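# Tertiary structure, described
Here is how the chains run, residue by residue.
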Amino acid sequence: MMRLAWLGILLLPAADAALAQFMPMRFDDDFRSQRQGCDANGHRAACWKDRPAADQLRLSIGGDLRWRYEHTGKPRYGLERQDRWGVLMQRGSVFADLRVGEHWRCFAQLASSITRGRAAGPSPVDENRLDPANLFVEWRAAGTGEGSIGVRAGIQELQFGSGRAIDAREGPNVRRSFDAVRAYAARGTWRVDAFAAAPRQNRPGSLDDARSRTQALRGIYATRTGGITSWDVYALHGEDTAARYVQGVAHERRWSVGTRLFGSGLDVDRGDRLCAAWRVPARDGRRRCPELRQRWCAIPVLNKPAPLALAGRSGQ
């Protein structure tokens, strides 16, 4: 834990060097704009962004650190032991971004999350000693005018819109990553992303996370950015071959279609979901016909989108 604390101290001088706004994902930061602090004012930390490494090679190095203190009275309504002094959570990461010419990019980010003080022990989203949060290769066509297309493959964080449907999970101490292939196209005010992904299973050790073998996520997400109002349109398909319900385990499929209107203090998110779970029970050694269960739910969310609670799932 002290090692990450020293890392945070080393990163503090970079705070005034980054002239560009930090994005939720480190790979979305504008490193060229951040380097302006090196060229204009001589900030040494900014000189590590978009740094020429060789012919046709540019390298950016950085990191982040977050400390969070939490105290909960009567955890789980008194069912768990009370924390004596509260919980201290620490999350840090280091990353390297390598650009090869105009088309290729390699991005690697190692993250570490540690929790101290929870009497009942760390939860699954409290602790992950060391694992890659992002480790991908990206190809991007040379930009012509306002348009661009690209493909990204590997371990990566995903976040779209307000994060109501797909989010990198910023709140907990351990963020969420996916094994994914993502293609995108942007022109003018439009950007369209298509992806196929599987969430990675977070484990508390070092370099032990693995791809989920039962869950998959596919979808298309389009965004039109306007001057006053902007809007998103998306279609998602989630699948879990071993979804746990109160009644047992079943193969679950979820189709979601939605739209979001936002801008100038407005944020309205509306979506419809079709949920289907197949279950083949066995009794006295005989198999029955599959049961198809469907459920429609349309929930409008204003200003502050909240996670959607799914009924029927055990432990939710």
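Residues numbered from 1 in each chain as written. Predicted model: local features only at pLDDT ≥ 70, side-chain atom pairs only at ≥ 80, totals over all residues. Heavy atoms only, no water.

### Observations concerning the layout of surface pockets
Any space left empty among the atoms is revealed by the rolling of a water-sized probe across them. For the second largest pocket, the calculated volume is near 1500 Å³. Around the second largest pocket, the lining comprises 48 residues; the ones closest to its centre are Phe27, Asp28, Arg140, Arg152 and Arg191. In terms of residue class, the lining of the second largest pocket is built from 17 nonpolar, eleven polar and 20 charged. (1 Å grid on protein atoms, 1.4 Å probe; cavity = no way out; pocket = protein on both sides within 12 Å on 5 of 7 lines; lining within 4 Å. Points joined across faces, edges and corners; volume = space filled by probe spheres on them. Nonpolar A, V, L, I, M, F, W, Y, C, P; charged D, E, K, R; others polar.)

### What about empty space enclosed by the protein?
Under the defined criterion, the tally for this structure stands at two cavities of 30 Å³ or more. If you add up the space inside the second largest cavity, you get close to 40 Å³. Taken together, Phe160, Gly161, Ser162, Gly163, Arg164, Ala165, Tyr221, Tyr234 and Asp269 form the lining of the second largest cavity.

### Looking at the packing of aromatic side chains
Each pair of aromatic rings is reported with the distance of its centres and the angle of its planes. Inspection of every chain in the model, using the stated rule, returns nine aromatic pairs. A ring pair is formed by phenylalanine 160 and phenylalanine 195, whose centres lie 5.2 Å apart and whose planes are at 15°; its orientation type is stacked. Of this pair, phenylalanine 160 sits in the loop between β6 (148-156) and β7 (178-187) while phenylalanine 195 sits in strand β8 (residues 190-201), placing them 35 residues apart in sequence. You can call phenylalanine 195 buried: its relative accessible area is 5%. Site record: aromatic cluster; members linked through ring pairs are Phe27, Phe31, Phe95, Phe107 and Phe136. (Phe/Tyr/Trp six-rings, centres within 6.5 Å; stacked < 30°, edge-to-face > 60°. Helix = DSSP H or I, 4+ residues; strand = E, 2+ residues; numbered from the N terminus. Buried < 20%, exposed > 50% of the residue type's maximum accessible area, 1.4 Å probe, protein only.)

### Observations concerning the pattern of salt bridges
Applying the stated rule across the entire model yields 23 salt bridges. Glutamate 239 is the salt-bridge partner of arginine 218, the closest N and O atoms lying 3.6 Å from each other. Taken together, the residues arginine 218 in strand β10 (residues 215-224) and glutamate 239 in strand β11 (residues 230-244) connect sequence positions 21 residues apart. The partner of arginine 254 in a salt bridge is glutamate 252, and the shortest N-O contact between them spans 2.8 Å. With relative accessibility at 12%, the residue arginine 254 sits in the buried group. A cluster of three or more residues bridged by salt bridges with shared partners is formed by Arg66, Arg91, Glu157, Glu170 and Arg175. (Salt bridge = Lys/Arg side-chain N within 4 Å of Asp/Glu carboxyl O.)

### Digging into the nonpolar core
If you look at soluble globular proteins, the nonpolar side chains tend to sit buried side by side. Among the nonpolar cores identified, the biggest contains eleven residues, and these are Leu158, Phe160, Ile166, Phe178, Ala180, Phe195, Ala197, Leu217, Tyr221, Tyr234 and Leu236. For this core, the secondary-structure elements that each account for two or more residues are β7, β8, β10 and β11. The contact partners of leucine 158, leaving out residues within four places of it in the chain, are Met25, Ile166, Asp167, Ala168, Phe178, Ala180, Arg182, Phe195 and Ala197. Formed by seven residues, the second largest nonpolar core is a distinct cluster that contains Phe95, Phe107, Phe136 and Ala168. (Core = buried A, V, L, I, M, F, W, Y, C linked by side-chain atoms within 4.5 Å. Contact = heavy atoms within 4.5 Å.)

### Regarding the side chain of serine 93
Considering the arrangement of structural elements, one finds serine 93 in strand β3 (residues 87-100). Since its relative accessible area comes to 5%, serine 93 is described here as buried. Only 2.8 Å separates the side chain of serine 93 from the side chain of aspartate 64, close enough to count as a polar contact. There is a polar contact of 2.9 Å between the side chain of serine 93 and the side chain of glutamine 109. (Polar contact = N/O pair within 3.5 Å; in protein donor to acceptor, adjacent residues only side chain to side chain.)

### Regarding unusual backbone geometry
Even without a glycine there, the phi angle at aspartate 50 is positive, about 50°. Positionally, aspartate 50 belongs in the loop between α3 (36-41) and β1 (51-54). Backbone geometry at arginine 169 places phi at a positive 65°, although glycine is not the residue there. Assignment of secondary structure puts arginine 169 in the loop between β6 and β7.

### Some points on the pairing of β11
Each regular strand displays side chains that alternate between the two surfaces of the sheet. In the sheet, β10 pairs with β11 via ten bridges, with the strands oriented antiparallel. Paired with glycine 219 across the bridge in β11 is leucine 236. Between β10 and the antiparallel strand that follows it, β11, lie five residues. The turn joining β11 and strand β12 (residues 249-263), which pair antiparallel and follow one another in sequence, is formed by four residues; a positive phi near 150° is taken by glycine 248. (Pairing = 2+ DSSP bridges.)

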